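Coordinates in review
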Amino acid sequence: MNYQQIIVGQGLAGSLLAHQLIKLNQQVLVIDNGNVHSSSRIAAGMFTPISGKRMVKSWMVDTLYPEVIATYKELENLLDVQFLNDMNIQMSFASIKEQNDFYSALNDKINKYVITETTPHQGLNAPFGAVEITHSGWLNTLLFTEAFKKYLINLNSFLQEQFDFSTLTYQNHKWHYKNHTANSVVFCQGYQNKNNPYFKHIPVIDNKGDVFKIKTTALNNQKIYKRGAYAVNLFDDVFKVGATYKWDNDDTTPTPQGYAELKDKTDVLIDGSYEVLEHVVGIRPTTKDRRPILGKHEQEQNMYLYNGLGSKGVLIAPYFSKIMADFILNNTVIDNEISTNRF
Ligand SMILES: Cc1cc2nc3c(=O)[nH]c(=O)nc-3n(C[C@H](O)[C@H](O)[C@H](O)COP(=O)(O)OP(=O)(O)OC[C@H]3O[C@@H](n4cnc5c(N)ncnc54)[C@H](O)[C@@H]3O)c2cc1C
């Protein structure tokens with residue numbers, strides 16, 4: 001079949017890019033191998049306007065946040081599935097020092113995102129008090145990617161298989177892949193970019209994260225609860241709790257060390273009993289300067305890379321997928337300030 005674009009990878013990057021291209025009347029073919037350790041299938045999917053140990057305003061959040069809400073709501077309507085959970089983060093302090101540091105860091109840039117008068121939920125371990133972060137929420141990334149895959153299948157736009165680079169050729173101004181042709185090919189492979197013969201020189205840095213699925217009655221579905229680790233409610237008394245951060249590690253086997261580290265964090269987060277139902281790991285595709293990667297191959301015709309969503313794919317992908325679609329269709333110049341530029 002003939003397509004305008006072949007997209008390799010159906011995580012957040014590939015899915016949201018496909019969505020933007022389809023909206024612009026493009027026929028796309030998305031190819032994904034269904035790797036259960038992909039970042040997008042494991043992620044807790046949180047987004048927040050202030051982050052990091054020092055609680056600074058997230059990069060570009062005033063531009064990114066409106067796109068988050070608009071895009072995922074649009075997708076909920078399109079796919080008829082609810083996956084966006086627009087809710088505050090109730091965050092408790094780990095110490096008096098952390099509480100003091102937080103209040104002294106409050107300034108005009110972040111004041112509007114913080115509710116200081118808050119009574120912590122009793123199941124949140126909060127001996128030093130808590131605050132609430134507004135303009136936050138979480139995306140059920142597994143529900144979203146599964147629903148989007150079904151939508152692509154209905155459009156005859158999805159292949160579940162390992163992309164076979166050896167069958168990709170460029171002839172007569174078209175890319176040929178098995179019995180399909182396309183004007184351009186876009187690689188959105190997350191951490192598996194290292195196996196891409198065209199783009200493996202572009203540094204996508206592995207960052208491994210452990211996540212639990214737990215059962216507890218100590219928390220509820222009203223808020224995201226955070227104290228170092230965070231918990232989001234999946235359904236009934238079942239929560240996703242994350243995460244750990246390990247650099248340069250792409251081993252997707254859960255380890256006893258990962259379990260112990262996350263267990264310690266969960267013990268600090270929850271004031272109550274819980275049962276660990278599942279322990280999984282995923283690999284974040286990060287970059288040194290924490291900027292996403294949007295680029296075009298220097299030699300190959302119409303071949304693109306979209307990657308590097310790091311630990312904030314939910315927040316970053318809606319806006320940057322629009323930029324990427326525009327780049328592919330109109331060759332718009334991408335500002336070096338907003339994309340890792342190593343091409
Ligand atoms: C533990 C953990 C917690 C996280 N928590 C959050 C969070 O709270 N908030 C947030 O915003 N982000 C979070 N993230 C990060 C987020 O998951 C990523 O930013 C985002 O999902 C990356 O999406 P992606 O599409 O670039 O990559 P991926 O999700 O890795 O998708 C790439 C896809 O390409 C496929 N693929 C690769 N190579 C091939 C091939 N050769 N053939 C076929 N298919 C291929 C893979 O199977 C995969 O489906 C978390 C990540 C982890 C691991």
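As shown above, the structure is provided for reference.
We now turn to the structure provided with this report.

This paragraph deals with helix α6 (residues 256–269). For α6, which comprises 14 residues, the first-to-last C-alpha distance of 20 Å matches the rise-based estimate of 20 Å (1.5 Å per residue) to within 8%. Considered for burial, the residues of α6 that qualify are G258, L262, T266 and L269. Along the axis of α6, the buried positions cluster into a sector of 65°, meaning they face one direction only. Those residues of α6 that are exposed and aimed more than 90 degrees away from the buried face are P256 and Q257. Contacts made by the buried residues of α6 are with β15 (205–215), β16 (224–227), β17 (229–235), β18 (238–242) and β20 (275–286).

This part takes up the sheet that holds strand β10 (residues 137–139). With respect to topology, three strands assemble into an open sheet ordered β3-β10-β6, the strand pairing being antiparallel. Each edge of the open sheet carries a strand with a single partner, namely β3 (46–47) and β6 (84–86).

A complete count under the given rule lists 13 salt bridges for this structure. Notably, a salt bridge pairs D32 with R41, separated by 3.1 Å at the nearest N-O pair. The two residues D32 and R41 agree in class, both being buried. Residue K194 pairs with D250 through a salt bridge whose shortest N-O separation is 2.6 Å. Taken together, the positions of K194 in the loop between β14 (180–187) and β15 and D250 in the loop between β19 (246–247) and α6 put the pair 56 residues apart, joining distant regions of the chain.

Glancing now at the nonpolar core. Of all hydrophobic cores here, the largest spans 65 residues; its most connected members are I7, L17, Y72, F144, V186, Y306 and M324. Per element, the largest residue contribution to this core is ten residues, and it comes from helix α7 (residues 313–330). Split by domain, this core shows at least three residues from each of two domains, domain 1 (2–42 + 143–204 + 289–330) and domain 2 (88–135 + 205–286). Grouped together as the second largest cluster of nonpolar side chains are 20 residues, Y3, I6, Y198 and V204 included.

With that settled, the discussion passes to the side chain of R227. For R227, the location among the structural elements is in strand β16. We note that R227 is buried and unpaired, the nearest opposite charge coming from E98 at a distance of 6.5 Å. One polar contact links the side chain of R227 to the main-chain carbonyl oxygen of N125, over a distance of 3.2 Å. Not counting residues up to four positions away in its chain, the partners in contact with R227 are S92, F93, A94, N125, A126, P127, F128, V268 and L269.

Scoring rules and cut-offs
- Residues numbered from 1 in each chain as written.
- Predicted model: local features only at pLDDT ≥ 70, side-chain atom pairs only at ≥ 80, totals over all residues.
- Heavy atoms only, no water.
- Helix = DSSP H or I, 4+ residues; strand = E, 2+ residues; numbered from the N terminus.
- Expected span 1.5 Å × (residues − 1).
- Buried < 20%, exposed > 50% of the residue type's maximum accessible area, 1.4 Å probe, protein only.
- Arc of directions from axis to C-beta.
- Contact = heavy atoms within 4.5 Å.
- Pairing = 2+ DSSP bridges.
- Salt bridge = Lys/Arg side-chain N within 4 Å of Asp/Glu carboxyl O.
- Core = buried A, V, L, I, M, F, W, Y, C linked by side-chain atoms within 4.5 Å.
- Domains from an automatic or database assignment.
- Lys, Arg positive; Asp, Glu negative; His and termini not counted.
- Polar contact = N/O pair within 3.5 Å; in protein donor to acceptor, adjacent residues only side chain to side chain.

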